[in-house]
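Understanding the architecture of this molecule
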Amino acid sequence: MDDEYDGMEIEDEVEHTEALEALDGGFDLDNFLGGRDMMRYDNIAESSSSGHGGTGVNLNLTLGDGPSSSSSAHVPERDVPDHDSHKKRPKVNSLSLFQSFGNDWDCKLASASSDNDNYDFLGRGYNINQGSFKNEFHYLSSVLNDGKSEIVIDSSNGRDIRDGEMRMDLTDDLLHMVFSFLDPINLCRAAKVCRQWRTASAHEDFWKKLNFENRNISLEQFEDMCHRYPKATELNINGAPANHLLAMNAMSSLRNLEVLIVGRGQLGETFFQDLTGCPKLRSLIVNDATLGNGIQEIPIYHDQLRHLQIVKCRVLRISVRCSQLRTLSLKRSTMAHAALNCPLLHDLDIASCHKLSDAAIRSAATSCPLLESLDMSNCSCVSDETLREIALTCANLHVLNASYCQNVSLESVRLPMLTVLKLHSCEGITSASMTAIAYSSMLEVLELDNCSLLTSVSLDLPRLQNIRLVHCRKLIELNLRSVGLSSIKVSNCPSLQRIRITSNSLQKLVLQKQESLTTLALQCQSLCEVDLTDCESLTDSICEVFSDGGGCPLLRSLTLDNCESLTVVSFRSTTIVNLSLAGCRAISSLELNCPFLEHVSLDGCDHLERASFFPVGLQSLNLGICPKLNSLHIEAERMVLLELKGCGVLSEASINCPLLTSLDASFCSQLTDDCLSATTTSCPLIESLILMSCASIGPDGLSSLRWLRHLISLDLSYTFLTNLQPVFHSCLQLKVLKLQACKYLTDSSLEPLYKNDALPSLCDLDLSYGTLCQSAIEDLLACCTHLTHVSLNGCVNVHDLDWGSDAFQLPEPTIDLELSAERPNRLLQNLNCVGCLNIKKVIIPPVARCVHLSSLNLSLSANLKEVDLACYNLCFLNLSNCCSLEILKLECPKLSSLFLQSCNINEDAVDVAISQCNMLETLDVRFCPKIHPASMGRLRAACPNLKRIFSSLASM
């Protein structure tokens, strides 16, 4: 008898699980368990155990591709099997299981709602990870049958004892709590784990909302689900086969149904007649369906229905009589007539019902006296007469959407309670319509997009908050007065010339690409940001609008990019922080009296001739993009960086920036000594000064550098200087001196550096492309041991650098009475001699004491033949394009990068040279005619640490 009962129970559970699988989209548990469905595991276990004289249940779950014989061999037999043990639920450590849920199911429990009713079952927002259950099955396999400990039931207190330890029972209440976090799809999967889980997951609390949308469920499976869960309150069968039969079955079986969603099929007349048999129904949604036979009237009568949607349905006539109905949508349906008897209806949507006549729309709307929202967009037959009737009948109408209604002009229509009005693409809306709209004193939202005949908008609406005017091609004037206006969208109105706005709530105004806009008047007490990009017709008078007293007392950001009609710009504002005039090419004069201005953009203002920043709060300013600038006045107490690079005609400059630390006046060829003297006096904190190509700067200007007590970097490259005495006397703290291409300096110009210890802090000296003689260079390198960076690029008088010869010997140390001082080390770190064509030999022996030299660049020295280096800290050596190189000797244990590109050296010399460079990582021997690509292995063997070897694909 027990076996027969169990067989019936299992068969019943099989049917239930098949229904769940239909809800789960045909999910196959075999993908996880690798064996037969777990719904039949009890029967299999009983039959296998009965052959051994016992009725124990095997709960071992495997994760392999099929049943594992090895795993089953390790399952111990029960010593004293209970004769009815197959009817007892196995007991496990519920605390450990709950901790497993906390770890393995954390991603699901954290995102799920604690209240299962809050799950949006009717939607499809849940995300199913089909591979997330492997850890759970593996855990349960080990917990439910560990094969090592015996579970003894203590019937006296309901607890089990394992190995002498008392453990809690995994109760149904605990499972119920855990499963309350799962969505329906995961509940279906949990039901396939074991009988206890299947029983727990089938609790009716979890199945209040049934979603079979677009699922291929049979009528038998659906009936089974309805039979099992008669208390379900929501049902979605949209897109399921046999919609009519499923819906009829649902209404007869689910007496608590409140929400029903059907569609994508044919619904017979009997479906709507039987709606009254569903007394608790509150919401009915019918999507994309054929109602009846398509040519008959469909009655929808229900006394408790609150929400009804008949969307995109095919029907000739429809009659709705629902005394409690609040919202009704007939959107995109084909009915030619709609009879409504819904005295409490608040929201009516008949958008895109093209076959509804003007009279039918009037009859439907006026039959609902409590109507508050009406959407009749794309109903081309609607006339002003219908709107007048609706206005008289529906005194509480707040929202009206009459977009794409070509016959609507609103003339003589009065809607005083209206708060939202949408009139997109209404050709009948003209300037005369504004008179009617002005009567809607409660109006908050107004949308007039694509009203092609609208030429003028003038409204004084105290509650207006949002207005849209997009693609109004003939709109010329816009005049808005509203204390509450907070959002305005005006775009692609090419004829718009005049705008006047009064508002206390507007904070941001964007009027981009209004090419014809010439007049803008604003009285906006809260306006903070304005964007007038590409308003190319705006004139200089716009400056008054945004200056103090212009009507925008809180303005902080102003964008006037590409306003090409602006010529003389002058702003006097105590609030502007950001100003952009990029692309305003016609501006010739700029005056900014904005003490709090922090950012200004002048990109593209290449015709600017006069600029005054007096005063401003700028911290940095770049005027190098203004090549025609000839007069400059700056007073900025916070400015630290000023760039005038490229202002080639700048002749008059007054710079008063007490915190300025960096000034770049490169190529300011007209900058005079007087301007430099005035700048050094008013900007005493300058640390970096670039006067490259400032040909008008002479000794008087350089003498004024004495006021710059913090000057550490000075660039006088490409100047006509002949005497550097003012620099030696004035810049005692100088660390960097650049004298590139100063070809008028004499051989004795630098003698104070190595004879009189001038500029004792100097560490970086650039003499590239100069004309100093060989002896002057040798004396400099020999005596100025404190230099760390020296550049002699392109110097034609640089010959052999034999640091072992007498010319490069370090000076004799001073002799103390008691102890002779040791010869000091050179501090030189970087030496650049790029393109020195007269160098034939470079020798730096240990006696040169270049212990700090880390980088040596001799590239493009075409006549260089011999390089012999003994530099302990040298890391970088570039000999590329030294095509005459034949001898290379390196005692540089820390060398990491060696470049020999296009050198004529043979591979034997390279092999010997790098053999002592144990830290070499990069070697470039491309285009070396005497180094064959096949010998790369040999070079790598010579230096095992090599990581990158660059070589040509074929020998030259």
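Refer to the preceding data block for the structure.
Residues numbered from 1 in each chain as written. Predicted model: local features only at pLDDT ≥ 70, side-chain atom pairs only at ≥ 80, totals over all residues. Heavy atoms only, no water.

1. Here we look at the overall build of the protein
In terms of helices and strands, the protein carries 24 helices and 53 strands. Each of the 956 residues in the protein was classed as buried or not, and the buried ones make up 49%. Surface accessibility of the protein: about 42,300 Å² in total, with carbon and sulfur atoms responsible for 49%. (Helix = DSSP H or I, 4+ residues; strand = E, 2+ residues; numbered from the N terminus. Buried < 20%, exposed > 50% of the residue type's maximum accessible area, 1.4 Å probe, protein only. Areas by Shrake-Rupley, 256 points an atom, 1.4 Å probe, with all protein chains shown as cover.)

2. Things to note about helix H14 (residues 358–366)
Restricting attention to buried positions, one finds in H14 the residues Asp358, Ala360, Ile361, Ala364 and Ala365. Relative to the axis of H14, the buried residues are bounded by an arc of 160° and lie together on one face. (Arc of directions from axis to C-beta.)

3. A look at the pattern of salt bridges
Per the counting criterion, the structure on display carries 20 salt bridges. The shortest N-O distance in the salt bridge between Arg500 and Glu477 comes to 3.4 Å. Placement of the pair is Arg500 in strand S24 (residues 498–503) and Glu477 in strand S22 (residues 477–481), with a sequence separation of 23 residues. The closest approach of N and O atoms between Arg948 and Glu921, which form a salt bridge, is 3.9 Å. Highlighted residues: Arg948 in strand S53 (residues 948–950) and Glu921 in the loop between helix H23 (907–914) and strand S52 (922–924), separated in sequence by 27 residues. One salt-bridge network, held together by shared partners, links Glu907, Asp908, Asp911 and Arg938. (Salt bridge = Lys/Arg side-chain N within 4 Å of Asp/Glu carboxyl O.)

4. A word on the packing of H14 against helix H15 (residues 384–393)
Each packed pair of helices is defined by two parameters, the angle between the axes and the distance between the axes. Running from N to C, H14 and H15 cross one another at 10°; their axes reach a closest spacing of 9 Å. With respect to H15, the axis of H14 lies roughly parallel. On the side of H14, the interface is formed by Asp358, Ile361, Arg362, Ala365 and Thr366, while H15 contributes Glu385, Thr386, Glu389, Ile390 and Thr393. (Axes fitted to C-alpha atoms, helices over the stretch in contact; angles between N-to-C directions. Parallel < 35°, antiparallel > 145°, perpendicular 65-115°, else oblique. Contact = heavy atoms within 4.5 Å.)

5. Brief notes about the pairing of strand S8 (residues 283–287)
The two faces of the sheet receive side chains in turn, since in a regular strand these alternate between them. In terms of residue burial, S8 counts as a mostly covered element, since 4 of its 5 residues are buried. Bridging between S8 and strand S11 (residues 307–311) involves 5 bridges; their strand directions are parallel. Bridged to Ile285 within S11 is Gln309. (Pairing = 2+ DSSP bridges.)

6. Here we look at the sheet that holds strand S26 (residues 519–524)
Reading across the sheet, the 4 strands line up as S20-S22-S24-S26 and stay open at both edges, with parallel pairing between neighbours. If you trace the sheet from one side to the other, it starts and ends with strand S20 (456–460) and S26, each paired once. Strand-to-strand twist across the sheet, computed as the mean angle between neighbouring axes with direction ignored, equals 5°. Of the pairings in the sheet, the one linking S20 to S22 comprises 5 bridges and is parallel in character. Residue pairing in the sheet places Ser456 in a bridge with Glu477 of S22.

7. Quick look at the side chain of Ser880
Topologically, Ser880 is positioned in the loop between strand S49 (876–878) and strand S50 (887–890). Among the polar contacts made by the side chain of Ser880, one reaches the side chain of Asn878 at a distance of 2.9 Å. In this structure, Ser880 is in contact with Ser859, Leu860, Phe899, Leu900, Gln901 and Cys903, ignoring residues within four places of it in sequence. (Polar contact = N/O pair within 3.5 Å; in protein donor to acceptor, adjacent residues only side chain to side chain.)

8. A look at the packing of helix H11 (residues 219–228) against helix H12 (residues 243–253)
Remark: H11 packs on H12, axes separated minimally by 10 Å, with the N-to-C direction vectors making an angle of 20°. By the angle between their axes, H11 is roughly parallel relative to H12. In this structure, H11 crosses over H12, and the sense of that crossing is right-handed. From H11, Leu219, Phe222, Glu223 and Cys226 reach across to H12, where they touch Leu245, Leu246, Asn249, Ala250 and Ser253. Classifying every residue of the contact of H11 with H12 by side-chain character gives 6 nonpolar, 2 polar and 1 charged. (Left-handed = near helix turned anticlockwise from the far one by under 90°. Nonpolar A, V, L, I, M, F, W, Y, C, P; charged D, E, K, R; others polar.)

9. A closer look at the sheet that holds strand S33 (residues 610–616)
Within the open sheet, the 5 strands sit side by side as S29-S31-S33-S35-S37. Their pairing is parallel. What marks the edges here is a single partner per strand, and that holds for strand S29 (568–572) and strand S37 (652–656). Averaged over all pairs of adjacent strands, the angle between their axes in this sheet comes to 5°, without regard to strand direction. In this structure, S29 lies alongside strand S31 (residues 589–594), joined through 5 bridges in parallel fashion. Each bridged residue has a counterpart across the sheet, and for Val568 the counterpart in S31 is Ser589.

10. Quick look at the side chain of Asp449
Here Asp449 shows up in the loop between strand S19 (445–447) and S20. Judged by its relative accessible area of 4%, Asp449 falls in the buried class. A polar atom in the side chain of Asp449 sits 2.6 Å from the side chain of Arg468. If we skip the residues at most four places from it in the chain, Asp449 touches Leu423, His424, Ser425, Arg468, Leu469 and Val470.

11. Let's talk about the environment of Leu371
With respect to the secondary-structure elements, Leu371 resides in the loop between H14 and strand S16 (373–375). A sequence separation of 24 residues divides Leu371 from Asp347, and the C-alpha atoms of the two residues are 6.1 Å apart. Non-local contacts of Leu371, meaning those with residues more than four positions away in its chain, are made with Leu345, His346, Asp347, Leu348, Ala365, Cys394, Asn396 and Leu397.

12. A word on a nonpolar patch on the surface
Taken together, the side chains of Val640, Leu641, Leu659 and Leu685 make up a nonpolar region of the molecular surface, amounting to roughly 270 Å² of accessible area. If you trace the backbone, Val640 turns up in the loop between strand S35 (631–635) and strand S36 (641–643). (Patch = residues over 30% accessible without salt bridge, like charges linked within 9 Å, V, L, I, M, F, W, Y side chains within 5 Å.)

13. Some remarks on helix H18 (residues 673–682)
Along H18, the residues classified as buried are Asp673, Cys675, Leu676, Thr679, Thr680 and Ser682. The inward-facing, buried residues of H18 abut S37, strand S38 (662–664), strand S39 (688–690) and helix H19 (699–703).

14. Considerations on a positive patch on the surface
A surface patch of positive charge is lined by Arg264, Lys312, Lys331 and Arg332. Residue Lys331 is classed as partly exposed on the basis of its relative accessible area, which comes to 33%. (Lys, Arg positive; Asp, Glu negative; His and termini not counted. Charge placed at Lys NZ, Arg CZ, Asp CG, Glu CD.)

15. Some remarks on the packing of aromatic side chains
The geometry of an aromatic ring pair is captured by the separation of the ring centres together with the interplanar angle, meaning the angle of the planes. In the structure shown here, the tally under the stated rule is 6 aromatic pairs. Ring geometry for Phe271 and Phe272: centres 4.9 Å apart, planes at 80°, overall edge-to-face. Just above the ring of Tyr301 sits the side chain of Arg321; from NZ or CZ to the centre is 4.0 Å. Directly above the ring of Tyr439 sits Arg414, whose terminal nitrogen or CZ lies 4.1 Å from the centroid. (Phe/Tyr/Trp six-rings, centres within 6.5 Å; stacked < 30°, edge-to-face > 60°. Lys NZ or Arg CZ within 6 Å of the ring centre and 35° of its normal.)

16. Remarks on the state of the cysteines
Applying the stated rule across the entire model yields 0 disulfides. Here Cys928 stays unpaired: no disulfide links it, and the sulfur of Cys903, its closest cysteine neighbor, is 5.4 Å away. Classification of Cys928 as buried rests on a relative accessible area of 4%. (Disulfide = S-S within 2.5 Å.)

17. A look at the environment of Arg706
Relative to the helices and strands, Arg706 resides in the loop between H19 and strand S40 (713–715). Separated by 26 residues in the primary sequence, Arg706 and Leu732 place their C-alpha atoms 8.6 Å from one another. A polar contact of 2.8 Å, which involves the side chain of Arg706, links it to the backbone oxygen of Ser703.

18. Describing the environment of Pro944
Mapped onto the elements of the fold, Pro944 is located in the loop between helix H24 (936–942) and S53. In this structure Pro944 comes out as exposed when scored by relative accessible area, which is 67%. Between the alpha carbons of Pro944 and Asn918 there is a distance of 7.6 Å; along the sequence they are 26 residues apart.

19. Examining unusual backbone geometry
Between Phe614 and the following residue, Pro615, the backbone shows a cis peptide bond with an omega angle of -15°. Structurally, Pro615 is set in strand S33. A positive phi angle is found at Asn214, which is not glycine, with a value near 60°. Among the secondary structure elements, Asn214 is positioned in the loop between strand S4 (209–211) and H11. Relative accessible area serves as the criterion here: at 37%, Asn214 is assigned to the partly exposed category. With a phi angle near 65°, Leu860 is a residue other than glycine that sits in the positive phi range. Residue position: Leu860 is located in the loop between strand S47 (855–857) and strand S48 (866–869).

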